[in-house]
Amino acid sequence: MVPGPGNGLNITPPPPLGWGHGLVLRRRALGEADLALDVFFVRRGILECTVRRGAFASTPQKAALEPPALTFFRFQWLSGEKVRGDSWSTVALFPRARKHPLLALEVCHSLSSYLPRGWWESSLFRTALRALQNLEKDIPPREVQLFFRLGFLTATGHSPEQLLPRRFPLKTALHRPQSKERKILEKVTEELWMKTMRSPLFQGKRAFPLP
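Quick look at the structure, then. (Residues numbered from 1 in each chain as written. Predicted model: local features only at pLDDT ≥ 70, side-chain atom pairs only at ≥ 80, totals over all residues. Heavy atoms only, no water.)

## Some words on helix α6 (residues 180-197)
Inference 1: Compared with the 26 Å implied by 1.5 Å per residue over 18 residues, the 26 Å span of α6 between its first and last C-alpha is a close match.
Inference 2: In the core, the buried residues of α6 are packed alongside α2 (101-114), α4 (141-155) and α5 (170-175). (Helix = DSSP H or I, 4+ residues; strand = E, 2+ residues; numbered from the N terminus. Expected span 1.5 Å × (residues − 1). Contact = heavy atoms within 4.5 Å.)

## Topic: the packing of aromatic side chains
Inference 1: Under the criterion given, the structure shown has 11 aromatic pairs.
Inference 2: Centre to centre, the rings of F148 and W193 are 5.9 Å apart; their planes meet at 65°, and the pair counts as edge-to-face. Here the residue F148 occupies a position in helix α4, and W193 occupies one in helix α6, the gap between them amounting to 45 residues. Like W193, F148 is buried.
Inference 3: Geometrically, the ring pair formed by F152 and W193 is edge-to-face, given 5.3 Å between the ring centres and 75° between the ring planes. Within this pair, whereas F152 is found in helix α4, its partner W193 is found in helix α6, the two being separated by 41 residues in sequence.
Inference 4: Looking at F152, the relative accessible area reads 0%, which means it is buried. (Phe/Tyr/Trp six-rings, centres within 6.5 Å; stacked < 30°, edge-to-face > 60°. Buried < 20%, exposed > 50% of the residue type's maximum accessible area, 1.4 Å probe, protein only.)

## Some thoughts on unusual backbone geometry
Inference 1: Here the bond from P67 into P68 is cis, since omega is 5°, no more than 30 degrees from zero.
Inference 2: Position of P68 among the secondary structure elements: in the loop between β3 (45-51) and β4 (70-77).
Inference 3: Although it is not a glycine, R43 adopts a positive phi angle of roughly 65°.
Inference 4: By the secondary structure assignment, R43 is in the loop between β2 (34-41) and β3.

Structural data, given as structure tokens:
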């Protein structure tokens, strides 16, 4: 006889499976063995991804679990905002970004501070990915930071263009790093960024200006 409902056997179906590419934004330890990652999954948004035994020295492809890696995950859904990573493989590690930890931290924490769990915003994902890719091209970090902040602020409805003087030569400021117009653009953008990052919208996270 096959046990059915009410026959004393309680069968819990396994969590549904999923997969996707994601940008690892944060990493924290769960005990001595496990990890909890904030991952910005393409078309799924930011999810908490638990990785069992991810903190072990013998964990395969450990770099894929470190911010700001772009990683392919296979996972099990635990809820609408949480998954359990079963396997992963590296897509891009951005080694030059790791040489500029304050800028990498700003990119990652800006996203995880602004976006609620499970929220997908393609323009913010592209802005962050472009910043990391530009660092790999040896573009100066200060310039990468400026364009990241401009893209982030514009995507979230806080464009610095509204605060610039009338008839401001924006193209000159964008394409001539040594121009006086660039210095004005940097000043306006930094002031707006600091003001915005201190707002409750960003949960009090601080910005990381570069020297």
